Structure formats: structure tokens, C-alpha cells
Amino acid sequence: MIGGLFIYNHKGEVLISRVYRDDIGRNAVDAFRVNVIHARQQVRSPVTNIARTSFFHVKRSNIWLAAVTKQNVNAAMVFEFLYKMCDVMASYFGKISEENIKNNFVLIYELLDEILDFGYPQNSETGALKTFITQQGIKGQFQTKEEQSQITSQVTGQIGWRREGIKYRRNELFLDVLESVNLLMSPQGQVLSAHVSGRVVMKSYLSGMPECKFGMNDKIVIDKAGKGGVTNEAGKSTSGKQSIAIDDCTFNQCVRLSKFDSERSISFIPPDGDYELMRYRTTKDIILPFRVIPLVREVGRTKLEVKVVIKSNFKPSLLAQKIEVRIPTPLNTSGVQVICMKGKAKYKASENAIVWKIKRMAGMKESQISAEIELLPTNDKKKWARPPISMNFEVPFAPSGLKVRYLKVFESKLNYSDHDVVKWVRYIGRSGIYETRC
Amino acid sequence: MPAVSKGDGMRGLAVFISDIRNCKSKEAEIKRINKELANIRSKFKGDKALDGYSKKKYVCKLLFIFLLGHDIDFGHMEAVNLLSSNKYTEKQIGYLFISVLVNSNSELIRLINNAIKNDLSSRNPTFMCLALHCIANVGSREMAEAFAGEIPRILVAGDTMDSVKQSAALCLLRLYKASPDLVLMGEWTSRVVHLLNDQHMGVVTAAISLITCLSSKNPDEFKTCVSLAVSRLSRIVSSASTDLQDYTYYFVPAPWLSCKLLRLLQCYPPPEDGAVKGRLVECLETILNKAQEPPKSKKVQHSNAKNAILFEAISLIIHYDSEPNLLVRACNQLGQFLQHRETNLRYLALESMCTLASSEFSHEAVKTHIETVINALKTERDVSVRQRAADLLYAMCDRSNAKQIVAEMLSYLETADYSIREEMVLKVAILAEKYAVDYSWYVDTILNLIRIAGDYVSEEVWYRVIQIVINRDDVQGYAAKTVFEALQAPACHENMVKVGGYILGEFGNLIAGDPRSSPLVQFNLLHSKFHLCSVPTRALLLSAYIKFINLFPETKATIQEVLRSDSQIRNSDVELQQRAVEYLKLSSIASTDVLATVLEEMPPFPERESSILAKLKKKKGPGAVSVELEDGKERGELNGGGDRGVPDLTNALSTPSPSADLLGLRSAAPVSGAAPSAGSLLVDVFSEAGPAAASAGVNDDGFLRFVCKNNGVLFENQLLQIGIKSEYRQNLGRMYLFYGNKTSVQFVSFSTTLNVQTKTVEPLVEGGAQVQQVINIECLTDFVDAPLLNIKFRYGGALQNISLKLPVTINKFFQPTEMAAADFFQRWKQLSQPQQEAQKIFKASHGMDTEVLKAKLLGLGTALLENVDPNPENYVCAGVIQTKAQQVGCLLRLEPNAQAQMYRLTLRSSKDTVSQRVCDLLAEQF
């Protein structure tokens, strides 16, 4: 189990230090600083073992969070906890920065006491935590005894993530499907690797203790339904086209896993407010929103001609946003001339790349940039490694092809039905690591 | 480029550096550097020619980025361009960049060399200096190749500025150190020496570094520098502190130059020229006098400079080692420093005194400071100074003060630092032995040593005590008494138990008369320590017990009881168990006479160099050994091999174990001719036969092998190998015997006796060596018995006796005779008398290979006759045996029977004894 937790700034100074077990001494703090933060190598392993002590770290901007243990713990659990902790802190005071951590250190210690007990992770649900750890000073005098006991029963009860007696005038439900698409493509247009990692994020304002049921075009569910129902050829082919194969998925703690295992249906009592319902990953039949066609020509030792064409590959009615293409330049670049039809392109010397930005682009369009790069002859005979061209964008659909089929809300005790709930669904596809070799 | 006010302040550079310093993270720094690099690249690439200022600025930035740890792969060309600028600052930056970043890029090197050449040939002294500094900083082979000829010329040219001369001298020194083969001594060498006469002190200082280095390689070429150096030194020393102006450092005139001069003089023996020598002595006296003067300044720099010269002067005095007066004065001066407040001075004084102590002139003077040194050993706070004090005490020790020094060192040992304890112990042991007049004092000292610092007493130390006690009858009784008393302490060190066990085992009888130390008391005392000791010590104690049985028969029952106990006889340690069993058996079976012989008192050890001394030398490493120790070392190595033969404590009885291997020998010494393996020794214990008998058998099989061949190995055991080479013609023969010593120990009083006349062999056979003996043989008449060779030698202590039959047989004198079939059968028939024929039917003991048989028959010396016998399977031979008295014709027929694996051998000769003998010899061969 986790023996201790430290937060460092970028210089390696300790901002927060909380030790849960005696086997972690003060020297562990320094060991991590010396061996990891001040390490010479640029790439650091997320897990470091120093003197039989394991350090698991994540980095948020300039802040290092490190969990320390002497035991053989489940690394995935530790990282899940660290990410959860980042979420909790972000929901309390926004961005995780040195300033914010210094300003909220009392709160952070309070949180650390609550979400870890003797190194064992406890309830880290933001909603639940916010009921008893607040930033608004001592609220206790306004809280009644009943409210306090309610908190206790909720936190220790079966449904720890939702308290009873929530009431909204307007029952509303927001559902976002957020996906990031990753790609590595050869210069000839061959897909070398591609996958989508997606999240279903919800925000619910529902009264009482509603029971929700979420349905999507999961291949297994649809095939099952198709078999049980009418077996007509046409229906099967359409369903086959629209269903997606999910490689793996994880759920929020509110989802009843037994039901998912047996019926593959996702039913849950939602927490109040923001939460992430599920995460998933797909690798098949991915819609690649953009195609990058690079053309690099070396003209002698002192000149390089680059031409890059991007093609949008989705419905013309949809608009992609925040498009950014990053074309790496050789290390001995001495000057760049860029011509582009659309958007703005600039040579950023500090990053050794040409950055081309386009605000909006509709589907089934094409755009092109050409650049002339002047090179300075160097003594080094080393050849330029030609790093891949990378791309960033945001599209209003799910590149995995996921569709929300239904989201039903049942509340038997209160007098509102599924139809009374206002539901909003949104799809956002973003680029992850979207690279094309040149 | 706007015309910014030019000068050394490059604003762009300052801004860039402050940007880098303000970067929050590594990433930000890399971004900033990338941006700057791109900027510089575009500037260098740009069509507009850059002016010198901006070129300098960008090269500076590149240099800064390089020093931050990033790779720079451009800008070299711009830096080289800067070299040709006329501005000092631009040139300087260019040279700086090149000395830091130059790599062996051929085209650039050529450009750089060209620029350097231009600067060297320019008359501008600053440019020349810059170029010289660059050469020295790079110092590569290419540079040396290009400029090794040029620089000496600049150095000795009359019109060169002083500052350039300084740089040139140091540059040449650097090139010489880097690639000495390229810097050739030429006609300039003599002129370099004359730089010592230069007006400018800086030039002299620079030149003297060069000369010191060069003269250490070829002292003869620079011999003339001695007198120049002496005159220069005397001028400096005699000058007042105000004379040298710039070169006076805190009222000391030219301290660095003086030190270097003194150091240069240390490369040479004392000057032969009386005038020069007198002047030098005067200088040294002046330096010593100056040390006595009150300081002109309280500043530490003043005293440092003064003392630096003084210590160099003392080093020189010690190096010359010929001026008793100066040596004594130096010693007195150092004596003053011994009590100085400065730790460094005390350290240096002790160190110099150590070398002084070994000089015969100053030894007495050093001795007067003994109290101070002892005091230093006790009270000094710094361990390194204490170490030096201990070294000095060791160095100044002689017969007169040995007792005092040893006593002081012993008393200090109780509180000494752990790091120097072992060395101290060795030193005490050596001094005690070296200056012992009275051996009881020696024994007391060493036992005290073991008591005080038992853990640091190495094996060698207690081995040595025992060697000395055994070799000197007069201390044996005293030693026994003392160890007996020492062992009575409730807790005593294991090394003490070892010494006690050994000495009481040997000489316990000397104190047995006293009822307080009766045999049983002695035994009980030893046995009370037994269980606390490690296995090797226990093994030694067991041997002591068996010796007790011999010394005091009344203890036999008690000791046998102890040996019989399960903890001994069933001990899990093989060594202990074996000893217990063997000793028990020995004590119960052997008669008192046998016991007395076997367990006799150890014979004296051969005198040889102390093993402790060798150990001390090993500890100190090669550098620190004084001359006296050095020659001892050689002796030690020569005798090293000889150490082996000394018998073990238990004589031939016990297995050679490392514990009882008293003398620290490298391997177990073979005790006698018997094999050193444990198994065979076990047998030896029970057999009464002497070890020599085992190896002394006569070599029958070796002998028989030589019937048909003349060369080979006649005899071989663990010690000795005898090879043989022989040749025969008619009735004469010559035999070479080679005696090879297979051990590393010499054989003493080696002799061979033969019942035939021989030349004597060398009485000594060195370890690993071979000696040769030639025997001339003449066959007078036919014979049956082979001559016997008796070999006697001493190996270690044991007398070895080997008897061998020399492989001289009658058939050696065969002369082959070729004859036709008819001829053969005619002669065969002539020799038909029954006594002329000898026949044998025997079974084949080897295979019946035709070729082998033929070879053997030829080896016999006869002629093999083909196509004589009607049966081709049969072999027929003929020959004549030549003796001085007569010639004996001899015919031979060998009929093999392949089915039965049998032979029938028939021999006919004109003499019956010959037939019989040859037949007998030959029958053994097939």
C-alpha cells in the first residue's frame, strides 16, 4: 500500500509531504528529488525503484506528484489513485500549479487524510468529498446534526456517491462523448497504427435516486438483439455497419458491473453533478478525420522543399476546428519561406517546426502548404532524422463511430418519467498523437 | 546592424545569458536556445556580410551554448574568420572558440594553422601570445607537427618580446609533454639554457619550467644549467626585498622562481666545480639564515612563500646528502617547525625529517627531537600528522633509543587510529627484533603487542616470535614462563593462544618443575582456551597436546580422554577430526621411543629475512620504501623459495594444513618424499616404515623399457626426473643422464655413485634446474647384471636415496650383420650345439603388430633379414655383439602365432651366456 505521498515543484522543492507508514523515512523525499527530478536523462520512467523503495510519479505542468511505497503494490492502482487525486484537486481549486498548491495546502492535507487511510485509498468521489470537506471556512455551525449524520450514513452506506433527498425543479442530463484519435501513418498513406480512446462524461441534475440505463451501438449488444429479433439480411447489414467493436472499457463505480457482465447493459444510479461514466478504447473501423500527404524534397545540401496537403474526410456539413499542423524542420535551418492558401503558417525556431493553423475547415475539403527551407552547411555528417508531421484538431463527431442509442431514466418514487428529463448529447473528437511520417 | 557603441560589452550576449538564467524549466531553456540557434543560423546564412562585432557576438553566444552542454555543429568557419581580424577582442574570441571547440577536422585545422602561422610571424606581441596560447590549449599532435619547429625559434630569437618568450616557453613545454617525439632537441637547447640569464624574471620563470622538464629526460644536454641556476639563485637570495619590485611577493623576492631553481638543482648531483658549490652552499646557508629572521609581515602569504623556499632548500640539502653542517642546520630548522602552530608545517617538517633520519650525518641530530616527536604522536589532532610522526619514530630508531621508542609506540598503540594500527604493529615488531639485545625484552614486547592490539597482529608477527624463540635456546625458558603467565589472563587474544600453544608444546618442560606450572596445570590452562578459538588455532592446540604426551607422560591419560571425546574425534571439521584420530592412535600405539622421535623438539629455522619486513613493504607500496628496505626485499625474494622446505610443527605426522603452516608459506611443504595428499599420509601414520624407503625401489620396469630404445625418461617421482640419452658404437657407449629437479627448492649434497667410473655431478641441483652427467661405457666382456646407479641428495631436511639400474644391456653392443638366406641357414646350422641355443615360448603381452615388432627388433640392434625364412610371418635377425674381449655372433628367430597369441623365440650364438641373456631380455619385450 502507499507509504507516503509527496508533491514537488519543478525545482524539486517539497510542497506537500504526507507519510502514511513508518517504513518511509524522510530520506525518501530527497531520494526522489535526486534520482528522478534532477536526473540527467530527459525521459523518466513513471515507476522508479530506489533502494528497495518504489516511487510512482505523475507530472502536471510543473508539479510532480509522487507516491512512495516499500511494498509490492499494484502499480495501476497507484496511478489510478494519483489521477483521481489530480481530479479531486482540480475540482477544488482549478489548475494544479505551484501557486494553487501553496495557497491550498491545508485543504490538500485535509483531502489526503480523507482519501487515503494508512495507505489504502478511500472514497475519492469529488461530490461526496465536497459534502464534508469545504473551502468555505467552518460551515459546521450552519450544518444541522441531521445533515451531519446524513453525511456519515451516505459516505459509509451502499451508495456512497449520492445522497438522498436531492431535488431539482428541472431534471436535466448532459452527456458528452469525448474521444481522442491516435494515428501513425507512413508517407505512402498506409496506416501503421491507429486507435481511439474515448470517455463518456456526464453531468446529471436529477431528483431523488433515479436508475439510469445507457445504451450505445456496441457490436455485441446489437448482434445479440439481431439474433433474438427478426433475422432479415438488410437489417443485419445496416446494424453491422453502425455497430462498433469496443476493445476494452472501464466504468465509474456507480455502474452495476454484474448486470454488465450478464446482460451487457449499463445501468447505474448516477452521482450528482459531473462524473465520468466510462472509458473505452477501439482499434477497428476508425474514421480518420484528416489525411496528411507530405512531400519533402532535398535540393542540394542547403535547401529543402516541403509540400503538405491535408484532406478532411467527413461529412461536408460538419466543421472541424482548431486545426494545427506541425512540420518539423532540420536542426540547421537558417531560413524558411512559407506559402499557404488557408490559415496562417509560421516558422517557430524555438520548437524547430513550422506551425500551420487553420481555424475552421469543412468536410471533404483539401488544403495545401508549401515551404522552402534554407539550410546552413554543418560539420556534422549526421543525417536529419525526419521526425513525423503531427496534427491537432477537434471534430464534432466520434471517430470511433460510437452512437448513443438511448439513455433512460427511471425514478419510481418521484413523479417524473423518462420523458420529462431534458437530455443533451454531444460528440467531440480530438486528436491524440496524430502523426504522419515524411 | 545599427552601430551600437562598440566595445567589450556585447549587449545581445548579456541579454541572452540573462534570458537563459531566468528560464523556469529545462524545457524553457531548450526553447530559448533553439530560438537563438535559429537566429544565429539565419544571420550566418544571410547574404549580408556580418561585421566583426556581430560575428564576435554570435560566436560568443555559440560558445556559451556549447558550455551549457549543447552540441554546436556550425560557426567554426566564422570563428576562423575572426582569427584574421585585426582587433584584439575579435581575435581573442576566435582563438577562445577554437581552443574550446576544435575537433580534428582536416580542412579547418589547415585554416587554423594558417591563421596561427600568420600571427606568429606578425610582429605584434599580443597576437603572437594569443596564437601561442591557442597552440598550448589545443596541444594536439597536429599542432605539435605544425609548430614544434617554429616555437623554439621564437623562444631563442634575440628580438622577441619578453612576454612572447614566456608564452613560447610554456607552449613548448606543453607540446613536449603531449608529444615528446615531435619536439626535437636541436641547436636551440644550449640557447634555452641561457635564458636563465635573461634580464626578465618572468622569462626565467617560464624557461625554468621547460628546462626542468627537458633535463629530467636528458640530463646531460642541460648540464650547463647548474652553474647558471646557482648564480641566478644566489642573485635572488642575496637581493634585498625591494630589488626585484614586481617579483617580490610579500617581501619575499621571487619565491616561485627560487623554488623552481632549487627543484631544478635536485635533478643533478652536487656541482663538482668548487666555486659553484661554494656559492650554492652560501645560498643555502642564506636561506636557512633567513628562516631565523623575524618575519617582515604577519600575513600568511609571507610565511608561506618563505617556507616554500626553505623546504625546497632542505629537500636539496637532503638530495645532496654531503654537507653535514647544512644537514644538521636543516634538521634544527625542522625541529623548530615541529612545534609550529601550523599543522601543514608540522606535517612537512615530520616528512622531511623522515628522509633526514636516513642520512648518516643528520641521524644524530634528528634523534635529539625524539621527545617532540613522541609528543606529536600523542597529542596531534590530525591523523595524517600522527602517521608521519610514527614514520619518523620508526626512521630515527636505533640501538640506543629502541627501548624507549618501542615502549612509546606500544603505549600509543592502545589509542592509535584504526587505520594505522596494523602498520604500527608491524613497525613495533620489526624494531623490537632489529634492535633486540636482550631476547627476553623482545619476547615481552611482542607478547605485549599481541595483548594490546591482538586483532592487528598479522600471522607474520607471531610466526616470527616463534622462529626466534625456537632458534635461541637462551630465551626458551623465559618465553615459556611469560606465555604461561600471559595465558592466565581471563581474556586473551587468539594470537596469544596460538603463541602459547606452540611454545608450551615445545618448551613446556622447561617450566614444569615449578608446581605452579606443572604439566597438568599447563594443559588445563591451554585447554580452557580451546573452546573459544577458531578451527586453525584448535588444530594447533591439538598438536600441542600430542607434544605434551611426549613431554609429560603423566598427562597422557588426561589428554587421551580429551582426544577421545566426541567433540574431538567426531568433530565436523575434517582437519580437527583427523588430527584427533591420528594423535589418539599415535599416542596409544607408538612406543615412547617412537613418540620421542616423532615429536622431537623442532629443529632451528634457517636464518633468513624477516617476513614482517616484507609485509610492511607490501603495505606501504613501492614509492614509500626506504633504500634500506629495498635491498632487503631482493634478498627476501631470493630466499623465498627456500622457505618451503622447513618442516611443519608436527613433523611428518599431520596433514599439511594452513594453520600449522607456521612460516606463512605459499603452499603446504611436501614433508618428505611421500606424496603430500592427505590420503597417503593417513597410511604413513600407521606404517612404521621411514618415508625414504617408499621412494627407493629399484626401477625394473623403467629398465626394461630401454632394451630396445636408447632415449627417454628413466625415472620420475614428485621430486626428481631422470632422463637418459645414449649412443653406442661397437663396444663403446656414451650415456647422458639428465637430473631434473621438479621442485622449486634446491637439492643439497647431490651425489651419484655408480659401480662404474663416472664423472661427478654438481653437488647442488637448483630448484627447477637440470644437471647433466655423462657416462662413458666400454663393454669388456659379455655381462648379465646392469650397472647400479645410486643417487643421494638432501631435499629440505630429508635425505633422499634412489637406486636405479642403468639401462645398459648386452644387446646395446650389437653390430647388425646383413646376410643372404643360404648364408643364414648355414650359420644357423653351425650353432646347433644345445648350449648355444636358447629358446623361449611365451605369451604376447602387447599386440602383434608387424611394424611394432620390426621396430623393436631393429631397436635391439640386430639386422632384420627379409626373405630368409620360408614362412613370411617369421622374423629372422642377425648381429654381432662387440666386446673388447671377443665378438659374439648371434642369430635370432621369432615365430609369432597369431591364433594363440604366442611367440617362440630362438636364439643361437657362439656363447651360451649371451644366448641366454639376450633371450631373457627380448622375451620381456613382446
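As recorded by an unreviewed UniProt entry, chain B carries the name AP-2 complex subunit alpha and is attributed to Hucho hucho. The UniProt entry for chain B carries the following text under Subunit (unreviewed entry): "Adaptor protein complex 2 (AP-2) is a heterotetramer composed of two large adaptins (alpha-type subunit AP2A1 or AP2A2 and beta-type subunit AP2B1), a medium adaptin (mu-type subunit AP2M1) and a small adaptin (sigma-type subunit AP2S1)."

Looking at an unreviewed UniProt entry, one finds chain A named Adaptor related protein complex 2 subunit mu 1, with Hucho hucho as its source organism. Annotation of chain A in UniProt includes, under Sequence similarities (unreviewed entry), the sentence "Belongs to the adaptor complexes medium subunit family."

Helix and strand counts for chain B stand at 41 helices and 15 strands. Counting only residues that meet the buried cut, chain B has 51% of its 926 residues in that class.

Throughout the structure, instances matching the rule amount to 44 salt bridges over all chains. R386(A) is paired through a salt bridge with E298(A); the nearest N and O atoms lie 3.1 Å apart. In this pair, R386(A) is assigned in the loop between β20 (366-375) and β21 (389-395) and E298(A) in strand β14 (residues 290-299), connecting sequence segments 88 residues apart. Look at R386(A) and you get partly exposed, because its relative accessible area is 27%. The exposure class of E298(A) is partly exposed, given its relative accessible area of 44%. For E36(B), the salt bridge identified is with K61(B), shortest N-O distance 2.9 Å. With E36(B) in helix α2 (residues 26-45) and K61(B) in helix α3 (residues 52-67), this residue pair connects regions lying 25 residues apart in the sequence. Look at K61(B) and you get buried, because its relative accessible area is 5%. One connected set of salt bridges, linked through shared partners, spans E324(A), R326(A), E351(A) and K31(B).

Residue and element names in this part refer to chain B. Counting residues in each nonpolar core, the largest one holds 196 residues, and the members touching the most others are I116 and L449. Each of domain 2 (78-329) and domain 3 (473-605) gives at least three residues to this core. Non-local contacts of L449, meaning those with residues more than four positions away in its chain, are made with L410, L413, V425, V428, A429, G454, V457 and V461. Counting residues in hydrophobic clusters, the runner-up holds 54 residues, among them L720, I724, V808 and C919.

Helix packing for two helices is described by the angle between their axes and how far apart those axes are. All names here are of chain B. Following both chains from N to C, one finds helix α16 (residues 300-320) and helix α17 (residues 324-337) inclined at 140°, their axes separated by 10 Å at the closest point. If you check the angle between α16 and α17, you find them oblique. Where α16 crosses over α17, the two elements pack in a sense that is left-handed. Within the contact between the two elements, α16 uses N307, L310, F311, I314, I317 and I318 and α17 uses L326, L327, A330, Q333, L334 and F337. Residue classes in the contact of α16 with α17 are distributed as 10 nonpolar, two polar and no charged.

What follows deals with the packing of helix α24 (residues 439-453) of chain B against helix α26 (residues 473-487) of chain B. Residue and element names in this part refer to chain B. Contact pair α24 / α26: the axes reach a minimum separation of 9 Å and the direction vectors enclose 30°. Here α24 is positioned roughly parallel relative to α26, judged by the angle of their axes. Handedness of the α24/α26 crossing: right-handed. The segment α24 lies against α26, with Y439, S440, V443, D444 and L447 engaging V475, Y478, A479, T482 and V483. Tallied by class, the residues present in the contact of α24 with α26 amount to seven nonpolar, two polar and one charged.

This next bit is on a negative patch on the surface. Residue and element names in this part refer to chain B. A surface patch of negative charge is lined by D438, D473, D474, E600 and E601. Relative to the helices and strands, D438 is located in the loop between α23 (418-434) and α24. You can call D438 partly exposed: its relative accessible area is 36%.

Next up on the list: the interface of chain B and chain A. Across the contact, 17 residues belong to chain B and 19 residues belong to chain A. When the buried surface of chain B facing chain A is broken down by residue, R41(B), K45(B) and D73(B) rank first, second and third, together holding 41% of it. Where chain B touches chain A, the interface holds one salt bridge. A salt bridge links K31(B) to E351(A); the nearest nitrogen and oxygen atoms lie 4.0 Å apart. Counting across the chain B and chain A interface gives five residue pairs in polar contact (both at pLDDT 80 or more).

Before going further, it helps to examine the side chain of E90(B). All names here are of chain B. Secondary-structure assignment places E90 in helix α5 (residues 88-101). Take E90: its relative accessible area is 8%, and that puts it in the buried class. Filtering out sequence-adjacent residues up to four positions away, E90 remains in contact with G52, Y53, K56, L82 and S85.

Another aspect to go through is the sheet that holds strand β5 (residues 732-741) of chain B. All names here are of chain B. The strand order β3-β4-β5-β7 describes an open sheet built from four strands, whose pairing is antiparallel. Of all strands in the sheet, those bounded by a partner on one side alone are β3 (711-716) and β7 (770-778). Shown here is a sheet whose adjacent strand axes are inclined to one another by a mean of 20°, direction ignored. With five bridges joining them, β3 and strand β4 (residues 720-729) adopt antiparallel strand pairing.

So, on to the confidence of the model for chain B. All names here are of chain B. Per-residue confidence for chain B gives a mean pLDDT of 78, with 86% of residues at or over 70. Note on residues 1-6: pLDDT under 50 across the span, and six contacts to partners over four residues away in sequence or across chains. The low-confidence segment residues 621-697, where pLDDT is below 50, has 107 contacts with residues more than four positions distant or belonging to other chains. Both scores are available for the predicted complex, with the pTM at 0.58 and the ipTM at 0.73.

An α-helical turn contains 3.6 residues, so any two residues separated by three or four positions project in the same direction. All names here are of chain B. L853, L857 and L860 are the residues of helix α40 (residues 850-860) that are buried. For α40, the angular spread of buried residues about the axis comes to 50°, placing them on one side. On its buried face, α40 sits against β10 (814-816), β12 (863-865), β13 (875-882), β14 (887-897), β15 (902-909) and α41 (912-923). Looking one or two residues beyond α40, the residue adopting positive phi is G861, at roughly 110°.

Cut-offs used in this document
- Residues numbered from 1 in each chain as written.
- Chains lettered and ligands numbered in written order.
- Predicted model: local features only at pLDDT ≥ 70, side-chain atom pairs only at ≥ 80, totals over all residues.
- Heavy atoms only, no water.
- UniProt positions renumbered as here; feature names shortened; annotations may be inferred.
- Helix = DSSP H or I, 4+ residues; strand = E, 2+ residues; numbered from the N terminus.
- Buried < 20%, exposed > 50% of the residue type's maximum accessible area, 1.4 Å probe, protein only.
- Salt bridge = Lys/Arg side-chain N within 4 Å of Asp/Glu carboxyl O.
- Core = buried A, V, L, I, M, F, W, Y, C linked by side-chain atoms within 4.5 Å.
- Domains from an automatic or database assignment.
- Contact = heavy atoms within 4.5 Å.
- Axes fitted to C-alpha atoms, helices over the stretch in contact; angles between N-to-C directions.
- Parallel < 35°, antiparallel > 145°, perpendicular 65-115°, else oblique.
- Left-handed = near helix turned anticlockwise from the far one by under 90°.
- Nonpolar A, V, L, I, M, F, W, Y, C, P; charged D, E, K, R; others polar.
- Patch = residues over 30% accessible without salt bridge, like charges linked within 9 Å, V, L, I, M, F, W, Y side chains within 5 Å.
- Areas by Shrake-Rupley, 256 points an atom, 1.4 Å probe, with all protein chains shown as cover.
- Lys, Arg positive; Asp, Glu negative; His and termini not counted.
- Charge placed at Lys NZ, Arg CZ, Asp CG, Glu CD.
- Buried area = accessible area lost by both parts, 1.4 Å probe.
- Polar contact = N/O pair within 3.5 Å; in protein donor to acceptor, adjacent residues only side chain to side chain.
- Pairing = 2+ DSSP bridges.
- pLDDT = per-residue confidence, 0-100.
- Arc of directions from axis to C-beta.

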